Amino acid sequence: MMNRIYYVALIGLLLFTSCVKQNNQTGFAIVVDSETYKQAREEINSYATILESEGLKTFIIEDKWNQPDSIKAQLVLLYNSATPIEGAVFIGDIPVPMLRDAQHFSSAFKMNQEQFKWDRSSIPSDRFYDDFDLKFKYLKQDEEIPLYHYYSLLAESEQKLQSEIYTGRIKAPEHKDKYQQIKAYLKKVVKAHREASEVENIMFFAGHGYNTESMIARIDEKITLTQQFPALNKQKNNIDFIDYTFDDNVKFRLLPELKREDLDLAILHHHGGATAQYLNGMPASSSVNVCSYNIKYYLRSKISSAKRRKRDVNEVIAGYQKSLDVPLSWFEGWDTEEGIKADSIANANLDIYVEDLDDYNSNARFIMFDACFNGSFHKKDYLAGRYIFGEGNTVLVMANSVNSIQDKWPDEMLGLLNCGVRFGNIFKNVSYLESHLIGDPTYKFKSDYDKNFNRNIVLEKNNISYWKSLLNDEQPDVQCLALKMLFENNYNDFSSLATTTYFNSPFNTVRLECLKLLTHYNNDDFIKVVCAATEDSYELTRRFAGYYISDSGDERCIPAVIKANIRNNKARRIRYVYSELLSFFDKDLLLEELNKQVDANDYFLDKEESRKEFIKLVERYAASAAKCTNEILADDNKSSKLAIRNLRNKPFHQYAKDYCKFALETKDDELRLIMIEAFGWFSLSIHKEEIINTCENIANNTDFSDQIKQEALKTINRLK
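Engineer: Explanation requested: the overall build of the protein in the structure shown.
Structural biologist: Per the secondary structure count, the protein includes 29 helices and 17 strands. At 27 Å, the protein has a C-alpha radius of gyration in line with the 27 Å of a compact globule built from 720 residues. Projecting the C-alpha coordinates of the protein onto the three principal axes gives extents of approximately 80 × 65 × 60 Å. Counted over contacts in the protein with a minimum sequence separation of 6, partners at least 24 positions apart contribute 76%. Summed over its atoms, the accessible surface of the protein is roughly 31,200 Å², and 48% of this surface lies on carbon and sulfur atoms.

This is how it looks when you write it as structure tokens:
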């Protein structure tokens, strides 16, 4: 009866307070399922009390509906009340929105929804709850996993992410009693709030194969972190770095490091799965013995795999003997108990698995998992959950529920932690569809910065004068936030402001923020800045400039693209990104500029030989784009389908007119639908207006099906 009265009182309060003047306090919603609330009521109330003491008015909402729409409706009411909530946390078994037809909001997820099961081809995402402008059609509840609710993004919805509130998940892995884990975790969180300290120690890690293993990227990341956290330049404070090459089995270095009592932030760059962190590859070495071991291990694994697939083992062995010219003895041990055990141990030591965390306690207060799937909170067991529900001091992690792109800005606005900003208030400005805070999103570090800053981020969000006053703040990430807020408020002549700031700022993050925001204008200022950014001192800015140019295809960028490609000294990841750029422009224009620049420079050892190599490079990438386009225009369902999907990663602008004609004239409605969807990734394209016109023609044509017209409308909204 008490709960029933509480809900009536809450709804009445919301209806009343939405009509009165806003006060100077923000709120926070704790959403909890009935059984978890019954089991952990005392701990949840203690958590609410500590948040109240920090100035957050707390609303506890017991989920009686088991429906995402009903929960979201409560959050919207609270957001529009006199004490607007700035965020929410979902404790226990709160419904999981499984989003479909929204892959453009993710950084890398592009799975075929028709080919794979719904639970695999949908994205578990709490952007459903925290971005109120997104509109979805309810599809169904999963029959096997009732917590999953499937939704399709509507064409008339906003087609960009901009969350009104932040959210976090406190959902325990089910390897132990989940209620006991939640109770213990909440006690740890309350203690952490009482003992909050300043950011004094950071560690970052780079795993095998990540960002092309670029050392320049790691050097520049440390430089940038010292700008974001200037206190780390003091004698006692520090930034530590671990690379996977330090050890053949670096997990035995990384796990002890994460146990350090003084470690505040850990930023982990590596690949991952739902229950694994992938750290090492096979050890690279010039030693003959190590190389021999690696080859034998490789061969044994291939034969074991062949047996699992029920292939003829003797035939597979013979094939490898012939192709690699290796003796039969190098396959020995693949089927013996001793050999299988040794290989299993060697394989397990390369990476971190949830089993390694059974009795392990990490102490880094916050861990960022810059990896795929580590944050799969919708599964019964997931790696990120193991870290926060251990007995150590880790209270919050950021992780991804599905796969995530390598080339993103993982440390964006992280320096706001210097200012005592709650993680949630940072996270809502930088999140993707798949990224989630696992744990308490209200956690913050101690700071002497403006004590009202968290409040101001919420209640002064539309105050242009306030954000202008922060443009010269000594904290570079405060400047970044100010720029973003001015952009969101449609500040007059923002394009000019961002351009001027880019060329004058000494801070890596500020320049990159300016470049990122200018993409929304895609005007002359953007071209001016993006071309200059190809030579920025910050490796990540140069990398992003490459990707933005690939998204644009503006021919004014060709001189910068050629210059970047013929430079001798390029970071490893930059070489990869800028070589790919040669796919997105007319070959003849590229070759004309190439010859001009080669003729003008004398630093080549053999100019003509270098010219030949660069010409071969241009022709190779041009051939790749032409091959993909020819496969599309062949209008063959199977090959064209694969080629069209490739455009989502590689929008070949020089063929945009051909793609528009294809979308209008193909007789295959399935290919037309896929092409219209692919057009949505031409968001910065120099041919965007022509693509929009094509989609408008399709949307207004009665000869096409409703499905095709709705997809055209969605693409139009994405591109405008």
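What follows continues from the structure just given.
Engineer: Help me out: how do you make sense of the sheet that holds strand 16 (residues 396-400) in this one?
Structural biologist: Working definition: the strands of a sheet are paired by backbone hydrogen bonds and lie parallel or antiparallel to each other. Taken in spatial order, the ten strands line up as 2-1-3-8-17-16-15-11-9-10 in an open sheet, and their pairing is mixed. Each edge of the open sheet carries a strand with a single partner, namely strand 2 (56-63) and strand 10 (238-243). Sheet twist, expressed as the average angle between the axes of neighbouring strands with direction ignored, equals 20°.

Engineer: Honestly, the side chain of Asn374 in this entry has me stumped. Any pointers?
Structural biologist: Looking at the secondary structure, you find Asn374 in the loop between strand 15 (366-370) and helix 12 (383-388). There is a polar contact of 2.9 Å between the side chain of Asn374 and the backbone oxygen of Ala276. Every residue in contact with Asn374, bar those within four places of it in the chain, is listed here: His270, Gly272, Gly273, Ala274, Ala276, Gln277, Phe369, Tyr382, Leu383, Ala384, Ala399 and Asn400.

Engineer: Please clarify how the environment of Val618 should be interpreted in this entry.
Structural biologist: Its location among the elements puts Val618 in helix 24 (residues 607-633). Judged by relative accessible area, Val618 falls into the buried class, the value being 2%. Through-space distance from the C-alpha of Val618 to that of Ile562 is 9.7 Å; in sequence the pair is 56 residues apart.

Engineer: Would you mind going over unusual backbone geometry with me for this structure?
Structural biologist: Trans peptide bonds make up the majority, and among non-glycine residues the majority have a negative phi. In the Ramachandran plot, Asn490 falls in the positive-phi region, its phi being about 55° despite a non-glycine side chain. When you line up the elements, Asn490 lands in the loop between helix 16 (476-488) and helix 17 (494-504). The phi angle at Asp635 is positive, at roughly 60°, despite the residue not being glycine. You can see Asp635 is positioned in the loop between helix 24 and helix 25 (637-646). Overall, the relative accessible area of 32% leaves Asp635 in the partly exposed class.

Engineer: For this particular structure, what's the right way to read the confidence of the model for the protein?
Structural biologist: Detailed reading of the predicted model is not advised wherever pLDDT is low. On average, residues of the protein score 94 in pLDDT, and 97% of them are at 70 or above. In this model, residues 1-22 is a region of pLDDT below 50 whose contacts with residues beyond four sequence positions or in other chains number 29 contacts.

Engineer: In this structure, what is going on with the packing of aromatic side chains? I would like to understand it.
Structural biologist: For any pair of aromatic rings, the description rests on two quantities: the centre-to-centre distance and the angle between the ring planes. Within the structure shown, the criterion is met by 32 aromatic pairs. Ring geometry for Phe128 versus Phe136: centroids 5.4 Å apart, planes at 40°, classification tilted. Between Tyr185 and Phe389 the ring centres are 5.3 Å apart and the planes differ by 55°, which places this aromatic pair in the tilted class. With Tyr185 in helix 6 (residues 178-194) and Phe389 in the loop between helix 12 and strand 16, this residue pair connects regions lying 204 residues apart in the sequence. As far as the burial class goes, Tyr185 and Phe389 line up, both buried. Here the aromatic residues Phe90, Phe128, Tyr129, Phe136, Tyr138 and Tyr151 are joined through ring pairs into a cluster of three or more.

Engineer: Is there a simple way to explain the environment of Ser34 in this structure?
Structural biologist: Counting through the fold element by element, Ser34 comes out in helix 2 (residues 34-53). With relative accessibility at 29%, the residue Ser34 sits in the partly exposed group. As for Ser34 and Leu605, which are separated by 571 residues in sequence, their C-alpha atoms are 73 Å apart. Once you skip the residues sitting within four places of it in the chain, Ser34 turns out to touch Glu62, Asp63 and Lys64. At 2.8 Å, the side chain of Ser34 and the side chain of Glu62 are in polar contact.

Engineer: Is there a simple way to explain the nonpolar core in this structure?
Structural biologist: Taken as a class, soluble globular proteins show a tendency for nonpolar side chains to be buried jointly. Grouped together as the largest cluster of nonpolar side chains are 173 residues, with contacts concentrated most on Tyr47, Leu265, Tyr387, Phe453, Trp467 and Leu515. Not counting the four nearest positions on each side in its chain, Tyr387 is found in contact with Lys188, Leu255, Leu258, Gln277, Ile352, Leu357, Tyr360, Ser362, Ile367, Phe369, Thr394 and Val397. Core analysis: the next-biggest nonpolar cluster, separate from the first, contains 28 residues, Val31, Ile61, Phe90 and Leu433 among them.

Engineer: Help me out: how do you make sense of helix 8 (residues 251-258) in this one?
Structural biologist: Note on helix geometry: an α-helix contains 3.6 residues per turn, so any two residues three or four positions apart are oriented the same way. Of all the positions in helix 8, only Lys251, Leu254, Leu255, Glu257 and Leu258 are classed as buried. Across the axial projection of helix 8, the buried residues extend over an arc of 160°, all falling on one side. Taken together, the buried residues of helix 8 touch strand 9 (201-206), strand 10, strand 11 (265-269), helix 11 (337-348), strand 14 (351-353) and helix 12.

Engineer: How should I be thinking about a positive patch on the surface in this particular structure?
Structural biologist: On the surface, Lys302, Arg308, Arg309 and Arg311 cluster together into a patch of positive charge. With respect to the helices and strands, the residue Arg309 is situated in the loop between helix 9 (288-308) and helix 10 (313-324).

Engineer: Explain the environment of Ile527 to me, please; I cannot follow it from the model alone.
Structural biologist: Note on placement: Ile527 falls in helix 19 (residues 524-533). Among residues more than four places away in sequence, those in contact with Ile527 are Ser552, Asp554, Arg556 and Cys557.

Engineer: I keep staring at the pairing of strand 6 (residues 136-141) and nothing clicks. Help me out?
Structural biologist: Regular strands place side chains that alternate from one sheet face to the opposite one. In this sheet, strand 7 (residues 148-153) lies alongside strand 6 in antiparallel orientation, the contact comprising five bridges. Residue pairing in the sheet places Lys140 in a bridge with Tyr150 of strand 7. The hairpin formed by strand 6 and strand 7 contains six residues between the paired strands.

Engineer: Please explain a negative patch on the surface as it appears in this structure.
Structural biologist: Together, Glu555, Asp586, Asp588 and Glu592 give the surface a local cluster of negative charge. Note on placement: Asp588 falls in helix 23 (residues 587-600).

About the thresholds
- Residues numbered from 1 in each chain as written.
- Predicted model: local features only at pLDDT ≥ 70, side-chain atom pairs only at ≥ 80, totals over all residues.
- Heavy atoms only, no water.
- Helix = DSSP H or I, 4+ residues; strand = E, 2+ residues; numbered from the N terminus.
- Rg over C-alpha atoms; globule rule 2.2 N^0.38 Å.
- Contact = heavy atoms within 4.5 Å.
- Areas by Shrake-Rupley, 256 points an atom, 1.4 Å probe, with all protein chains shown as cover.
- Pairing = 2+ DSSP bridges.
- Axes fitted to C-alpha atoms, helices over the stretch in contact; angles between N-to-C directions.
- Polar contact = N/O pair within 3.5 Å; in protein donor to acceptor, adjacent residues only side chain to side chain.
- Buried < 20%, exposed > 50% of the residue type's maximum accessible area, 1.4 Å probe, protein only.
- pLDDT = per-residue confidence, 0-100.
- Phe/Tyr/Trp six-rings, centres within 6.5 Å; stacked < 30°, edge-to-face > 60°.
- Core = buried A, V, L, I, M, F, W, Y, C linked by side-chain atoms within 4.5 Å.
- Arc of directions from axis to C-beta.
- Patch = residues over 30% accessible without salt bridge, like charges linked within 9 Å, V, L, I, M, F, W, Y side chains within 5 Å.
- Salt bridge = Lys/Arg side-chain N within 4 Å of Asp/Glu carboxyl O.
- Lys, Arg positive; Asp, Glu negative; His and termini not counted.
- Charge placed at Lys NZ, Arg CZ, Asp CG, Glu CD.

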